[in-house]
Amino acid sequence: MLSQYKTMNRQIRAMSLPTMYGMLFTALYDMVDMFWIGMLDKEAVAAITIYLTLFLALEILNEVVGTSSVSLLSRSWGSGDIDLTRTIGEQTFVFKALLGSLGAIVLILVLPHFYRLYTDDAKVLSHGLQYGYLRSVFVPVFFSSYTVNTILRSTGDAKTPMRLLLASAVLNMVLDPIFMFSTIPATSLKGLGWGMFGAAVATCISYSFAFIAGFWYLQSGKAPLTIRVKGLLHLDWTIDKKLLTIGLPSGINMLLRSLITIIFLKLVALYGTVAIAALGIANRIYQFCGMPSNGLSMGSGILVGQRLGAKQFKEAHDVTLLSSVNGLIFSLPFILLLLLAPNQLLSLFLGGSSVSSEAASLLRIYGLCLIFMSISGGLGSAFFGSGHTRPILYTSLISGWLVQLPYALLVVLVLKLPLPWLWAAYLTGDFLECLLRYRYFLLGGWKQER
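In this report, the structure presented in the accompanying data block is examined. Fair warning: this is a prediction, and the values are worked out from it, not measured in the lab.

As for the nonpolar core
Taken as a class, soluble globular proteins show a tendency for nonpolar side chains to be buried jointly.
Okay, so step 1: Core analysis: the largest hydrophobic core is formed by 84 residues, its most contacted members being Tyr115, Ile285, Leu338 and Tyr366.
Okay, so step 2: Tallying contributions element by element places helix H10 (residues 273–289) first for this core, with 11 residues.
Okay, so step 3: Discounting residues that sit within four places of it in the chain, Tyr366 has contacts with Leu279, Ala282, Asn283, Tyr286, Leu338 and Tyr426.
Okay, so step 4: Membership of the second largest hydrophobic core comes to 22 residues, among which are Leu73, Leu152, Ala223 and Leu232.

Comments concerning the pattern of salt bridges
Okay, so step 1: This model, assessed by the stated rule, comprises four salt bridges.
Okay, so step 2: Between Lys314 and Asp318 there is a salt bridge; the shortest N-O distance is 2.8 Å. A residue pair is termed a helical-turn pair when its members lie 3 or 4 positions apart in one helix, as Lys314 and Asp318 do in helix H12 (residues 313–340) at four residues.
Okay, so step 3: On the basis of relative accessibility, which here comes to 45%, the residue Lys314 falls in the partly exposed class.
Okay, so step 4: Overall, the relative accessible area of 7% leaves Asp318 in the buried class.
Okay, so step 5: Arg437 is the salt-bridge partner of Glu433, the closest N and O atoms lying 3.6 Å from each other. Here Arg437 and Glu433 lie together in helix H16 (residues 419–443), a separation of four residues that amounts to about one turn.

Structural notes on the environment of Val403
Okay, so step 1: Looking at where Val403 falls in the secondary structure, it is placed in helix H15 (residues 390–414).
Okay, so step 2: Taking the relative accessible area as the measure of exposure, Val403 reaches 29% and is therefore partly exposed.
Okay, so step 3: Taking C-alpha positions, Val403 is 7.8 Å from Thr428, a pair spaced 25 residues apart along the chain.
Okay, so step 4: Setting aside residues up to four positions removed in sequence, Val403 forms contacts with Ile398, Thr428 and Leu432.

Describing the packing of aromatic side chains
Okay, so step 1: Using the criterion set out here, one finds 19 aromatic pairs in the structure.
Okay, so step 2: Geometrically, the ring pair formed by Tyr394 and Tyr440 is tilted, given 6.1 Å between the ring centres and 45 degrees between the ring planes. With Tyr394 in helix H15 and Tyr440 in helix H16, this pair connects stretches of sequence that are 46 residues apart.
Okay, so step 3: Residue Tyr394 is classed as partly exposed on the basis of its relative accessible area, which comes to 34%.
Okay, so step 4: The exposure class of Tyr440 is partly exposed, given its relative accessible area of 25%.
Okay, so step 5: Seen from the ring of Phe55, Arg135 lies directly overhead, with NZ or CZ sitting 5.1 Å from the centre.

Basis of the calculations
Residues numbered from 1 in each chain as written. Predicted model: local features only at pLDDT ≥ 70, side-chain atom pairs only at ≥ 80, totals over all residues. Heavy atoms only, no water. Core = buried A, V, L, I, M, F, W, Y, C linked by side-chain atoms within 4.5 Å. Buried < 20%, exposed > 50% of the residue type's maximum accessible area, 1.4 Å probe, protein only. Helix = DSSP H or I, 4+ residues; strand = E, 2+ residues; numbered from the N terminus. Contact = heavy atoms within 4.5 Å. Salt bridge = Lys/Arg side-chain N within 4 Å of Asp/Glu carboxyl O. Phe/Tyr/Trp six-rings, centres within 6.5 Å; stacked < 30°, edge-to-face > 60°. Lys NZ or Arg CZ within 6 Å of the ring centre and 35° of its normal.

If you want it as C-alpha cells, here you go:
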C-alpha cells in the first residue's frame, strides 16, 4: 500500500510540478510588472489594481470553458479516444477565442466608466486607460494561450507549457523596462519611455509569443495531440454546449467572487489611493505565493479525470488527498515568508516609499489564508477533474456572500473600523470555504459520471 501511494505521489508531482513552475513564471512576470509599475508612482499601482479587478470578471469566460475542457479532455484521453480528444481541443480553441473577442469589446466599452466608480484622480484614470485599452484588445490571444496549455497538460505533456510560460515570462521581464522608461533603471541605456502603455505592450507581446509558439507545436506533429486547422473553422454545438455547461458552476463561482472583489475594492477605496495601491501589491504577492497550490490542483485534476475515465475511483480519491498534502508542503515556505517578512516584501514594490502597518497586516492575514487555500486547492482537483463543479459554487456562495461580504460591510460602513478589520474578512471566508469543500468531498458525488 505504501509503495502504491509513493507511485501515485510521483505521478502527481510529475504532472503538477511543471504546471506549478509554469504558473509561478506567469505570476512572476505579473510581479515584475508590479515592480516596474511601482517605480512610476502610487497612482500607476492603483490604476493597474482597478484594471485587474475588472479583468478578473472577464476571465469568467475563460474559467467556464477552461474548466469544462479540462474535464472533457482528460476523461476522453484517459478512455483512449484520441479522435474525440482532438475534436474537443479544436472546439476549445475556436469557442474560447470567440468568447474572448466578445468579452474584449465589452471590456473596452466599460473601462472608463469602471475607473470612475473608484476614483476621480485624473492621473490614475490616465494611467489606467493607457494600460487597459491595449490589454483588452489582446484578450482573445490571452485566452488562446491558456487553451494551448490546457490541451497539452490534459494529454500528459506538462513540461512544454512550463517552458512556454518561462520563455514568455523572461521576455516580459526584458521588455518591461525598455518600453516603460526613458532611461532603463540602473543603466545608462535609453528606453522608449512609454510608461503604463509600455507595460501593456510588453505583456501583450509576451502572451502572443506563448500562444504562437504553443500553437505551432500543436501543429508540428511533435505534441501528444495534433490540432487540425480545418477543425477550427466551424462550431460543434454538441461539444460547445458541454464546454459551457460543465464549467458553468465554476464560472458562476468566479462571477460571485469577482463581484465580491469589486465591492471590496470600493470599500478599500474609501481609505484612499494608497490603500488601493497596497491592496494591489499584496494581491500580486499572494497570487504568486498561491501558485504552487493552484498548479497542484490543476495537475491533480487532470489525473483525477483520467482515473475516473478509467473507472479507478479509489485512486481518484487518493490523488485528491495527496494533492492537498503536497499543497501544504510546497506552500509552507511562502506561508512563513508572508507571516515573517511582510514589510520587506511590500517595500520592493513601492519604489522606496515606507510601508504602512495596514498593508503589512494584510500580507500576514494572507499568510494564514494560504494554509486553507492549499487544502482547498487539493480538494478542488476532485471537482474540476470530474466536472462536478457545483460544490465549488455552493461553497463560494456560502462563504463569500453569506459570511465574508456581510462582515466587510458591517466593519466599514456601520462600525467604521480601521483597515485591518476589513482584511480579516479574507481569512474568515477562506477558512469556511475550506471546511465546506471537505464536506462535499466526503459526500462523494463527484465520482459519478457526468
